[in-house]
Amino acid sequence: MSSISVTLCAEVPELGESPGALSWSMVEAWAVAMREEVPAAALAASLEQVQDQLIDRVCGPRWLPVRGLPAPFACPGCGVMQDFARKGKRTRPRRIDTSVGVVRLQLANVGCRDCGRVFAPLLLMLDLTGRRRTDRLAVDLAELASQMSFARAGAVARRFGAPGSAGRAHQAVADIAPRLEAVGQVDLGGPPRAAVVVLDGTGVRAGRRRLGVNTNIALGLTAREGPRRRRRASTALLGLTVDQPWSAMRHQLDGLEAPAVVVVDGEVAVTRVAAATWPDTPIQRCWWHLARALRWALYADKAPHRWSRNKRGELTALLRGVARDHLTHAQALARYDAFTDTVRAEGHHAATELLDGARDQVFTCLQPAVGRELAHLGGPELGSGLLERVMRELNARTDIGGSRWSIEGLRDLITIQLARMTQHPAWSTLRESTHPPNTITFKINHLKFNAG
């Protein structure tokens with residue numbers, strides 16, 4: 001364990017009432033300037049001291065070289081771990097972008113006496129060979145870019161002393177997304193099971209098609225916690241596809257254990273995927289989507305506007321009453337059938353077909369077996385609101401007026417955003433590896449006046 005000292009010198013005005021005297025605004029501005037420059041400069045000075053100690057250790061003193069000394073690194077050319085010679089320092093500093101600013105290192109070279117290879121051992125020891133940006137900075141920029149525009153993410157990074165720009169934030173997203181390959185892959189470390197699986201999709205303006213592409217998401221509900229009426233849901237990202245049909249989600253869902261219930265919005269392709277993946281798992285039709293679909297079905301039937309609006313209100317009140325009155329499965333179906341008959345009596349075929357098709361799935365939540373399976377969650381899910389909230393944040397980030405995403409860029413951004421929001425194991429592992437707790441002790445020495 002070696003000790004490194006870095007000295008900070010500053011010319012501070014004296015306290016007083018004269019113009020230019022020391023004031024709090026001046027001190028605060030000084031501290032902000034130090035926050036932007038001192039950490040990177042201190043890191044560079046410390047690493048150069050470590051480098052000098054390393055060179056002395058493997059090559060001997062500057063004017064008295066020693067042959068055959070062992071080294072903690074191997075020659076990248078032949079793999080030899082001893083007998084290196086000094087080869088001077090590079091004239092051009094090596095720039096490395098870090099989360100504390102731009103670090104410029106004056107690298108020292110050594111030469112292998114066996115193969116003649118010349119290299120910088122400090123880069124080899126710190127795993128910085130061929131790199132100009134640290135992983136921590138890339139993760140920080142990608143995390144910012146998943147919550148705001150690339151330009152703003154770069155501006156926020158610069159405000160805290162990190163080298164950031166729109167281009168750097170964009171490149172960080174492209175670099176970090178491939179490292180989250182476990183998203184949607186159970187065998188690579190993805191979540192293996194969730195009690196409730198919610199399937200839904202949203203459209204994003206991307207690609208060459210005028211209406212954009214579909215982003216399909218499989219979200220899992222794993223737990224609920226917190227006080228009553230303020231329960232918070234713990235979610236897991238189970239699957240994600242961009243610009244692909246729902247059938248492409250099958251290979252991501254096949255590795256999951258069967259959930260207690262699957263919540264769908266009523267789209268045929270979504271229901272087909274859920275039924276084909278888990279044939280024995282009950283399917284719950286989202287209540288919010290059912291009332292919304294009834295609106296469009298009545299519109300297709302050219303139903304009178306006032307009557308159509310009243311019917312949508314009746315259906316919403318029926319569904320809420322079923323939950324509020326704690327009806328049994330049979331009682332709920334009886335009310336539902338009576339409501340369907342009122343629509344059928346008016347000859348609205350599209351609306352009747354919708355209600356009949358949803359009948360077997362609309363009250364799955366009331367089945368006793370489902371209730372027992374999800375009792376630990378406080379009750380079953382009645383709709384896809386859990387996923388709708390996630391997609392609202394996703395759309396807020398991607399739905400930027402006048403802009404159109406590329407398919408690859410959209411997939412990278414959404415992967416990072418959803419992995420971060422759901423604390424996917426791949427994201428948590430990556431962030432822990434790039435943001436480890438500090439284990440190097442340090443202290444700040446203060447000069448004491450009138451000592452003794």
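Residues numbered from 1 in each chain as written. Predicted model: local features only at pLDDT ≥ 70, side-chain atom pairs only at ≥ 80, totals over all residues. Heavy atoms only, no water.

Q: Would you mind going over the sheet that holds strand β6 (residues 196-204) in detail, with residue names and values included?
A: The strand order across the open sheet built from five strands is β8-β7-β6-β9-β10, with neighbouring strands paired in mixed fashion. A strand with exactly one partner marks an edge of an open sheet, and here the two such strands are β8 (232-242) and β10 (283-285). Taking the axes of each pair of neighbouring strands and ignoring which way they run, one obtains an average angle of 25° across the sheet. Summarising the sheet, strand β9 (residues 261-264) and β10 pair through three bridges and their orientation is parallel. Within β10, the residue paired with Val262 across the bridge is Ile283. Packed onto the sheet, helix α11 (residues 349-362) meets β9 and β10 and runs at close to 135° relative to β10. (Pairing = 2+ DSSP bridges. Helix = DSSP H or I, 4+ residues; strand = E, 2+ residues; numbered from the N terminus. Axes fitted to C-alpha atoms, helices over the stretch in contact; angles between N-to-C directions. Contact = heavy atoms within 4.5 Å.)

Q: Which residues make up the packing of helix α4 (residues 150-159) against helix α5 (residues 166-176), and what values go with them?
A: Where α4 meets α5, the axes come as close as 7 Å, and the angle between the chain directions of the two elements is 105°. By the angle class used here, α4 and α5 are roughly perpendicular. Within the contact between the two elements, α4 uses Phe150, Ala151 and Ala153 and α5 uses Ala166, Ala169, His170 and Val173. Looking at the contact of α4 with α5 residue by residue, the class counts come to six nonpolar, one polar and no charged. (Parallel < 35°, antiparallel > 145°, perpendicular 65-115°, else oblique. Nonpolar A, V, L, I, M, F, W, Y, C, P; charged D, E, K, R; others polar.)

Q: Residue-level account of helix α15 (residues 425-434), with values.
A: Residues of α15 that are buried include every one of Ala426, Trp427, Ser428, Leu430 and Thr434, and no others. Structurally, α15 contributes buried residues whose contacts are with α3 (135-145), α5 and α14 (407-421). (Buried < 20%, exposed > 50% of the residue type's maximum accessible area, 1.4 Å probe, protein only.)

Q: If you had to explain the state of the cysteines to someone new, which residues and values would you point to?
A: A full pass over the atoms with the stated rule returns zero disulfides. A disulfide-free cysteine, Cys75 has its sulfur positioned 3.5 Å from the sulfur of Cys115, the nearest such atom. Of the residues examined, Cys75 reaches a relative accessible area of 4% and is grouped as buried. Distance from the sulfur of Cys112, which forms no disulfide, to the nearest cysteine sulfur (Cys78) is 3.6 Å. (Disulfide = S-S within 2.5 Å.)

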